[in-house]
Amino acid sequence: MGLPFIGESLEFLSTGRKGHPQKFIYDRMAKFSSQVFKTSILGEPVAVLCGAAGNKFLFSNENKLVTAWWPSSVNKIFPSSLQTSSKEESKKMRKLLPNFMKPEALQRYIGIMDTIAQRHFESGWDGKQEVIVFPLAKSYTFWLACRLFLSIEDPKHVEKFADPFNALASGIISIPIDLPGTPFNRAIKASNLIREELRSIIKQRKIDLAENKASPTQDILSYMLLFTDDNGQFMNEMDIADKILGLLIGGHDTASAAITFVVKYLAELPEIYNEVLKEQMEIAKSKKPGELLNWDDIQKMKYSWNVACEVMRLAPPLQGAFREAINEFIFAGFSIPKGWKLYWSANSTHRNPEYFPEPEKFDPTRFEGNGPAPYSYVPFGGGPRMCPGKEYARLEILVFMHNVVKRFSWEKLVPDEKIIVDPMPIPAKGLPVRLLPHNA
């Protein structure tokens, strides 16, 4: 189980930082059992459940045998989740979000996504010979989230938010030591700063809604301010600020990591790039000048989405997630005590030849027809706690792919750039590329 308190956390985090997050899992699967092994991570005894059977067990026993759990670093950075516990909060969110995040509701935002993507490429990519993709992907997903969650359009206002956000994101899953200069300490400071800014936006929106200057359906913020629970209670401002903060993080880092890897794999695999280009140019040619993307266009991007899915198999933005045992249970012949933490890992199936023949090969056709076996492909988790933003992520990734391939092809500037996982996978230098515009 490793050292006291820290346990195997350092190795768990460092195999990721060295670019082999699956190594921690596969070494122990080989040594102990391919189905379950125990370790100690972030100050807690943890049973790691592996394979599709482990995923199925955890995802289908939600709230029966297991419940959501976050490391203490998360609860300290999101203080309001302490009053009611992160569990209660996430239940509330899951009631509230589907209405906003379901495909029918998101359809009307595709044009806005396309507009923001075009503005993003005009300001960050056009006319440049070389760019660093990861920071640009972050600025795209963050700008989108600010617009769709808060109706903030002004790039300067978005920028003001962006720096503290990056500090927050990198300290969330860290060893919770609150000393000046630690990632954890910087994250707490950043979260207070962002929360203050959010509260002033919320106060202003309340006034605008009362004076009919804002619409009830314009974004998630309006929707939350008008949302009442089963007892007819409105949410308080701190709660809303925390919810939006969680959404901005959830919708920001994971999607920007996925987009960065789409760009990386398209640079490495010209034949795949050409197929994506062909599909996207057919859509582009069917549009009138200035006409924005719509729902029907997105539905035609089948091959592009299979490519994005294969990217997320090989570089899952979310490496896995924790649960807590609410009752003692037996899994694969092992007894797991009540109160123990559990972890599922995307890598235990995504790179496993049992589920994906030739797992290191990039092959988008794996997602044709019925696609991968149930519970083997889990970039968005599964069960009742499946990522509520899955459809939102699909749209922002596809809108990005459409806009980038329409403008450029590109080459990597660092051919064997290392990948680090902290806690998302990112190329060590941010993926610098040389742009080759089509119309040059």
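Nothing here was measured: the structure is a model prediction, and the numbers come from that model.

Just checking my understanding: could you explain the overall build of the chain for this structure?
A tally of regular secondary structure across the chain gives 18 helices and 12 strands. A burial count over the chain gives 57% of its 440 residues as buried. Intrachain contacts of the chain at a sequence separation of at least 6 include 70% that bridge at least 24 residues.

Hey, could you run me through the nonpolar core in this one?
A general trend in soluble globular proteins is that nonpolar side chains are found buried together. Residues Trp 125, Phe 149, Leu 150 and Trp 410 are the most contacted members of the largest nonpolar core, which totals 103 residues. By residue number, the principal contributor to this core is helix H8 (residues 133–150), which donates 12 residues. In contact with Leu 150, not counting residues within four places along its chain, are Ala 145, Phe 161, Leu 198, Ile 201, Arg 205, Asp 219, Leu 221, Ile 244 and Leu 248. Formed by 17 residues, the second largest nonpolar core is a distinct cluster that contains Ala 47, Trp 340, Trp 344 and Val 378.

Please clarify how unusual backbone geometry should be interpreted in this entry.
Glycine aside, negative phi is the norm for most residues, and most peptide bonds take the trans geometry. Non-glycine residue Ala 332 carries a positive phi angle of around 50°. Tracing the chain through its elements places Ala 332 in the loop between strand S6 (329–331) and strand S7 (334–336). Overall, the relative accessible area of 32% leaves Ala 332 in the partly exposed class. Phi is positive for Leu 431, close to 65°, though the residue is something other than glycine. Inspection of the secondary structure assignment puts Leu 431 in the loop between strand S11 (425–427) and strand S12 (432–437). Judged by relative accessible area, Leu 431 falls into the buried class, the value being 1%.

How should the packing of helix H7 (residues 110–124) against helix H18 (residues 390–407) be read in this particular structure?
Where H7 meets H18, the axes come as close as 10 Å, and the angle between the chain directions of the two elements is 45°. Compared by their axis directions, H7 and H18 come out oblique. Of the two possible hands of crossing, H7 and H18 adopt the one that is right-handed. For the pair formed by H7 and H18, the contact residues are Ile 110, Met 113, Asp 114, Ala 117, Gln 118, His 120 and Phe 121 on the first element and Tyr 392, Leu 395, Glu 396, Val 399, Phe 400, Asn 403, Val 404 and Arg 407 on the second. When grouped by side-chain class, the residues that make up the contact of H7 with H18 number 9 nonpolar, 3 polar and 3 charged.

Mind showing me how you'd approach the side chain of Glu 396 here?
For Glu 396, the location among the structural elements is in helix H18. Buried and unpaired, Glu 396 has Arg 394 as its nearest opposite-charge partner, separated by 12 Å. Beyond its immediate stretch of four places on either side in the chain, Glu 396 contacts Met 113, Tyr 140, Thr 141, Leu 144, Gly 251, Ala 255 and Ile 259.

Before we go on, may I ask you to explain the side chain of Lys 412 in this structure?
On the secondary structure map, Lys 412 appears in strand S9 (residues 408–412). Taking relative accessible area as the criterion, Lys 412 reaches 18% and is therefore assigned buried. Here Glu 268 takes part through its side chain, which lies 2.4 Å from a polar atom of the side chain of Lys 412. Within the structure, Lys 412 has its side chain in polar contact with the backbone oxygen of Pro 415 (distance 3.2 Å). Sequence-distant contacts of Lys 412, defined by excluding residues within four places in its chain, comprise Lys 264, Ala 267, Glu 268, Leu 431, Pro 432 and Val 433.

What am I meant to see in H8 here?
Taking 1.5 Å of rise per residue, the 18 residues of H8 would be expected to cover 26 Å, and the 25 Å separating its terminal C-alpha atoms lies within 8% of that figure. A positive backbone phi angle near 60° is found at Ser 151, which sits one or two residues after H8.

Quick question: what am I supposed to make of the pattern of salt bridges here?
As a working rule, side chains carrying opposite charge can pair if their charged atoms are close by. Applying the stated criterion across every chain yields a total of 20 salt bridges. With a shortest N-O distance of 3.0 Å, Glu 153 and Arg 147 are connected by a salt bridge. Accessibility expressed as a relative area gives 35% for Glu 153, which makes it partly exposed. Of the charged contacts in the structure, one is a salt bridge between Glu 310 and Arg 313, with a shortest N-O distance of 2.7 Å. Taken together, the residues Glu 310 and Arg 313, both in helix H16 (residues 302–314) and 3 residues apart, mark about one turn of the helix. With respect to burial, Glu 310 and Arg 313 carry one shared label: buried.

Criteria and cut-off values
Along each chain, numbering runs from 1 in the same order as the chain's sequence is written. Local features are withheld for residues below a pLDDT of 70 in this predicted model, meaning they are given only at 70 or higher, and side-chain atom pairs are given and counted only at 80 or more; totals for whole chains, interfaces and linings count all residues. As a rule here, side-chain values come from all non-hydrogen atoms in the structure, and water together with hydrogens is ignored. Strands are runs of DSSP state E lasting at least two residues, helices are runs of H or I lasting at least four, and both sets are numbered from the N terminus onward. Residue burial is assigned from relative accessible area. The probe radius is 1.4 Å, only protein chains are included, and a residue is buried under 20% of its type maximum, exposed over 50%, and partly exposed in between. Between two residues, a contact is recorded if the distance between any of their heavy atoms is within 4.5 Å. In plain words, nonpolar cores are sets of buried Ala, Val, Leu, Ile, Met, Phe, Trp, Tyr and Cys residues tied together by side-chain atoms within 4.5 Å. Fitted lines through C-alpha atoms serve as axes, helices being fitted only where they are in contact, and the angles separating the N-to-C directions of these axes extend from 0 to 180 degrees. Geometric relationships in this document are graded by angle, where less than 35 degrees denotes roughly parallel, more than 145 denotes roughly antiparallel, 65 to 115 denotes roughly perpendicular, and other angles denote oblique. Definitions for this section: a left-handed crossing has its near helix turned counterclockwise from the far helix by less than a right angle. A right-handed crossing has that turn clockwise. Under the convention adopted here, Pro, Cys and the residues Ala, Val, Leu, Ile, Met, Phe, Trp and Tyr are nonpolar, Asp, Glu, Lys and Arg are charged, and Gly plus all remaining residues are polar. Only four residue types enter the charge count, namely Lys and Arg as positive and Asp and Glu as negative; His and the chain termini do not. Any carboxyl oxygen of Asp or Glu that lies within 4 Å of a side-chain nitrogen of Lys or Arg is treated as forming a salt bridge with it. Think of a polar contact as two N or O atoms within 3.5 Å of one another; within protein, one of them needs to be a possible hydrogen donor and the other a possible acceptor, and neighboring residues in sequence only count if both atoms come from side chains. By definition here, a helix of n residues has an expected span of 1.5 Å times n minus one.

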